[in-house]
Amino acid sequence: MALLLAAAVPWTQGRIDARLGTHRAQEEVLYLWSGDQVRRLAPGFEDLMADVYWLRTVQYFGGQRVYAVNKRFDLLLPLVNITVTLDPRMQIAYRYGATFLAETYPMGAGEPEAAVKLLERGVRNLPHDWRLRQDLGLFHYYFLSDAQRASQILLEAAEIPGAPPFLTTLAAQVLMRGGDRETSRQVWRRIFEQGEGPMRNNAAVHLAQLDALDALDNVNEAILAYERRTGVRPAALDELRRTGYRGPVADPSGVPFAYDRATGRATLARNSPLWRPQLK
Amino acid sequence: MRRVAAVARNTFRESVRERVLYNLLFFAVIMTVSGLLLGELSIRQDAKIIKDLGLAAMDLFGTLIALFVGVGLVSKEIERRSLHPLLAKPLSRDEFLLGKFAGLGFTLLVNVGLMTGGLYATLLALRRGADPALLKAVFAIYLALLVTVALALLLSILTSTAVASVSTLCLVIAGRYSDVILNLGDVVPGMPAWALRAVMILIPNFRNFDLKDRVVYGDPVTFGDLGWITAYAAAYTGTVITLAVIAFRRRELT
């Protein structure tokens, strides 16, 4: 009898989760409490509570997965805010939160301004942390397209003891060649090299996107060359092989490029994991 | 002194018999599970979280033991009438009380010591290094537990077990809100400064004993800091135990 009842516990829990959703408790906690309230409720255990909220954040938004599957990104900022209010020195929470706030859906919330504000808060709380200041600079460059401010912040980061020398070079590069693909590649390579878990994965996706854009440039040039030589546009990208094109006709994730014969342009396929609305 | 030690020894044995140290099993489970899972879940924050978790568990479990066992130390002996034959022996009330305090103090020392061993074992198993600075936070937690035992003892002599449990718990919680007490003047503008000062002195400042955040982040905690925290604990515990001794001398045993 006891065994039967014990077996019924996980089964009934499964039924409740199926009806009400697995993450409902998280929402309740979120909307009831702010970081200050949680701090007041658990004096002496603030760091432990910060860890709990951090684990909730990672659990919900994914430790290793990059893409959102029915994720509610409106929960991300409150969760990270509670975490860093309880433990203002948890550097990873600022970096992780900012990354997924700034990215566009399905990778993030598409709120780069909120991401920059979060990083600014991190820089205020951890003024001697060059990585946070570096991220703030890079986010100004990449997400807010403000090369001037980005360069200034990167130079500030370079002056912090322990900061690597490449920050000075990167600051100059951002200012002089702001907007070009090679600078973006440098930026994401730095984030990839220093990143952990999903932030590293996210940077890897950006690097793959940049490679895809390079490959697309080559494909589109090959299409023009084909048209010049034959007088017609290729019916499919595979036809480019006949004219000697040896480059890839698929993006680094293996999804073939989309091709519109009417315009004669190849683009990233919408079903590619690398596709983003802003990538043209 | 020998008689105090004998009572202390018996108190420790009684605690073990009453399975007070069973909380260590929970601690072991928490440490093992967190050690196995946190690496995956926390994006390389496992060492920090294990330290936070281990120190918080010591603090929480220790406080609960200090409070609930502390409250029953003397009152249970009175209720069970087992105190009378003891006091008929060549044992004064003062020695009995001090022995009880020392016995629970030793139980808590064993408890905290084993938990510290578990925490270090988990960190070493994960190859995260055994940071000796953690011992400073552990020491401060232990001092806080001694203050809690002293308060529980005093209040259990002055009132009933239930009232003593609630009031000790209230004092422990209030002591963790020392920053709020400090700013009480802003909330209650008419409150005289001397009254605020009196509240601050009366309620034990448990924030003094909270070094968890500082040691986990590697902030310096000097031996001077530890010395002053120890001095505060000694002064507060000494005062409360002295009051408990006086109250116990005057207590009528029916």
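The written sequence of each chain sets the order in which its residues are numbered from 1. Lettering of chains starts at A and numbering of ligands starts at 1, both following the order in which they are written. Given that this is a predicted model, residues contribute local features only at a pLDDT of at least 70 and side-chain atom pairs are listed and counted only at 80 or more, while totals for whole chains, interfaces and linings are drawn from all residues.

A.B. asks: It is not clear to me how the interface of chain A and chain B should be interpreted in this structure. Could you clarify?
C.D. replies: Listed per partner, the contact involves 16 residues of chain A and 19 residues of chain B. A run of DSSP states H or I qualifies as a helix once it reaches four residues; a run of E qualifies as a strand once it reaches two. Both are numbered from the N-terminal end. Those elements that place two or more of their residues in the side of chain A that touches chain B are α4 (46–61) and α6 (91–102) of chain A. Ranked by residues supplied to the side of chain A that touches chain B, first place goes to α4(A) with seven residues. Each residue is assigned to one of three groups, with Ala, Val, Leu, Ile, Met, Phe, Trp, Tyr, Cys and Pro labelled nonpolar, Asp, Glu, Lys and Arg labelled charged, and all others, Gly among them, labelled polar. The class makeup of the residues in the side of chain A that touches chain B is eight nonpolar, four polar and four charged. C-beta atoms are first placed from the backbone for all residues, and any pair lying within 7 Å is then listed as a contact.

A.B. asks: When you look at the nonpolar core in this model, what are you seeing that I'm missing?
C.D. replies: The tendency in soluble globular proteins is for nonpolar side chains to be buried side by side. As used throughout, a nonpolar core is a set of buried Ala, Val, Leu, Ile, Met, Phe, Trp, Tyr and Cys residues joined through C-beta atoms within 7 Å of each other. Partly exposed residues are those whose C-beta has more than 12 but fewer than 20 other C-beta atoms within 10 Å; 20 or more makes a residue buried and 12 or fewer makes it exposed, with C-beta atoms placed from the backbone. In terms of nonpolar packing, the biggest core is built from 121 residues, with A:Phe139, B:Ile141, B:Ala150, B:Leu153 and B:Ala244 touching the most fellow members. No other element matches the 19 residues that helix α6 (residues 134–158) of chain B contributes to this core. Every residue in contact with B:Ala150, bar those within four places of it in the chain, is listed here: B:Phe101, B:Thr237, B:Val240, B:Ile241 and B:Ala244. Of all hydrophobic cores here, the second largest spans 14 residues; its members include A:Val219, A:Leu237, A:Val249 and A:Ala266.

A.B. asks: Is there a simple way to explain the confidence of the model for chain B in this structure?
C.D. replies: Residue and element names in this part refer to chain B. Confidence of the predictor at the level of single residues is captured by pLDDT, which takes values from 0 to 100. With 98% of its residues at a pLDDT of 70 or more, chain B shows a mean pLDDT of 87. Confidence scores differ between elements of chain B, with helix α2 (residues 23–41) showing the lowest mean pLDDT of 74 and α6 the highest of 95. Scored as a complex, the prediction yields pTM 0.78 and ipTM 0.81.

A.B. asks: Hey, could you run me through the packing of helix α8 (residues 130–142) of chain A against helix α9 (residues 147–158) of chain A in this one?
C.D. replies: Describing two packed helices takes the angle between their axes plus the distance from one axis to the other. Residues and elements named next belong to chain A. Geometry is summarised by axes, namely lines fitted to C-alpha atoms with helices restricted to the contacting stretch, and by angles between N-to-C directions that run from 0 to 180 degrees. Across the interface, α8 lies against α9 with an axial gap of 7 Å and an inter-helix angle of 170°. Considered as vectors, α8 and α9 are oriented roughly antiparallel to each other. Facing Trp130, Arg133, Gln134, Leu136, Gly137, Leu138, His140 and Tyr141 of α8, the residues of α9 in contact are Ala147, Arg149, Ala150, Ile153, Leu154, Glu156 and Ala157. Of the residues that constitute the contact of α8 with α9, the class distribution is nine nonpolar, three polar and three charged. For classification purposes, angles smaller than 35 degrees are called roughly parallel, those larger than 145 roughly antiparallel, those between 65 and 115 roughly perpendicular, and all remaining angles oblique.

A.B. asks: Honestly, α8(A) in this entry has me stumped. Any pointers?
C.D. replies: What sets the pattern is the α-helix's 3.6 residues per turn: residues three or four places apart point alike. All names here are of chain A. Given the number of residues in a helix, its expected span is that number minus one, multiplied by 1.5 Å. An ideal rise of 1.5 Å per residue puts 18 Å on 13 residues; α8 measures up with 18 Å between its terminal C-alpha atoms. Most of α8 is tucked away, with twelve of its 13 residues classed as buried. All of the buried residues along α8 are Arg131, Leu132, Arg133, Gln134, Asp135, Leu136, Gly137, Leu138, Phe139, His140, Tyr141 and Tyr142. For α8, the secondary structure elements touched by its buried residues are α6, α7 (112–125), α9, α10 (166–176) and α11 (181–194).

A.B. asks: I'm lost on unusual backbone geometry in this one. Help?
C.D. replies: Glycine aside, a negative phi is what most residues show, and trans is what most peptide bonds show. In this structure, A:Ser145 takes a positive phi of about 50° despite not being glycine. Among the structural elements, A:Ser145 can be located in the loop between α8 and α9. Taking the C-beta count within 10 Å as the criterion, A:Ser145 has 11 such neighbours and is therefore assigned exposed. For B:Arg127, which is not glycine, the phi torsion reads 55° and is therefore positive.

A.B. asks: Please clarify how the confidence of the model for chain A should be interpreted in this entry.
C.D. replies: Low-pLDDT portions of the prediction should not be read for the details of their coordinates. Residues and elements named next belong to chain A. Counting all residues, the mean pLDDT for chain A is 84, and 89% of those residues have values of 70 or more. Ranking the elements of chain A by mean pLDDT puts helix α2 (residues 24–32) last, at 53, and α7 first, at 96. Note that pLDDT drops below 50 for residues 63–68; the model gives that stretch 20 contacts with residues more than four away or on any other chain.

A.B. asks: Honestly, the packing of α6(A) against helix α12 (residues 197–230) of chain A in this entry has me stumped. Any pointers?
C.D. replies: Residues and elements named next belong to chain A. At a minimum axis separation of 9 Å, α6 and α12 run at an interaxial angle of 40°. One way to sum up the angle between α6 and α12 is to call them oblique. The crossing of α6 and α12 is left-handed. On α12, the residues touching Arg95, Tyr96 and Thr99 of α6 are Pro198, Met199 and Asn202. A per-class count over the contact of α6 with α12 returns three nonpolar, two polar and one charged. Here a crossing is taken to be left-handed if its near helix is turned anticlockwise relative to the far helix by less than a right angle, and right-handed if that turn runs clockwise.

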